[in-house]
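# Report on the structure
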Amino acid sequence: MTGNIVGEEFDELVDRIKNYFLSNYEVESGQTVLIGYYGTCLKKVASVFACLELGLSISIIDYHITIVSPESATKTQLLSPIHYFICEDDKFPKQHPKSKYAILIKYCLNTI
């Protein structure tokens, strides 16, 4: 036992995220993931580690977005295909028309 509770909790979170991917999707190295957590939080960092361990290509969108402008739509298309979208919006509920989820779901193949 290491005595490092935070490290152990982090490792467990990384493993839970990896196991979720492996149990629900046919994950292949090189597929893309868009991580949509705001700011820095344990879930966001654990998601990055889990995706790296799975060999996924990662993009992070950690700012509030209320509309996909022509410029951001072009950037999103450059990332396409986006195989997985991990999103938690702290400003709007998922189904709100201005939530990051509602705006970006049409560009992503799978949402977590």
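Residues numbered from 1 in each chain as written. Predicted model: local features only at pLDDT ≥ 70, side-chain atom pairs only at ≥ 80, totals over all residues. Heavy atoms only, no water.

### A few points about the overall build of the protein
Within the protein, the regular secondary structure consists of four helices and four strands. For the protein, the share of sequence-separated contacts (at least 6 apart) that also reach a separation of at least 24 residues comes to 74%. (Helix = DSSP H or I, 4+ residues; strand = E, 2+ residues; numbered from the N terminus. Contact = heavy atoms within 4.5 Å.)

### Digging into the nonpolar core
Counting residues in hydrophobic clusters, the biggest one holds 17 residues, and the most contacted among them are F21, V33, L56 and I86. Broken down by secondary-structure element, the contributors of at least two residues to this core are α1 (5-24), β1 (32-35), α2 (42-54) and β3 (82-86). With residues near it in sequence (within four places) discarded, L56 still touches F21, V27, E28, G30, Q31, V33, C51 and Y84. L34, I61, I82 and C108 belong to the second-largest nonpolar core, a separate cluster that totals nine residues. (Core = buried A, V, L, I, M, F, W, Y, C linked by side-chain atoms within 4.5 Å. Buried < 20%, exposed > 50% of the residue type's maximum accessible area, 1.4 Å probe, protein only.)

### Some points on the confidence of the model for the protein
When pLDDT is averaged across the protein, the result is 80; 77% of the residues are at 70 or more. No element of the protein has a lower mean pLDDT than helix α3 (residues 70-79), at 68, and none a higher one than α2, at 93. (pLDDT = per-residue confidence, 0-100.)

### As for the side chain of K18
Mapped onto the elements, K18 comes out in helix α1. Given a relative accessible area of 18%, K18 falls into the buried group.

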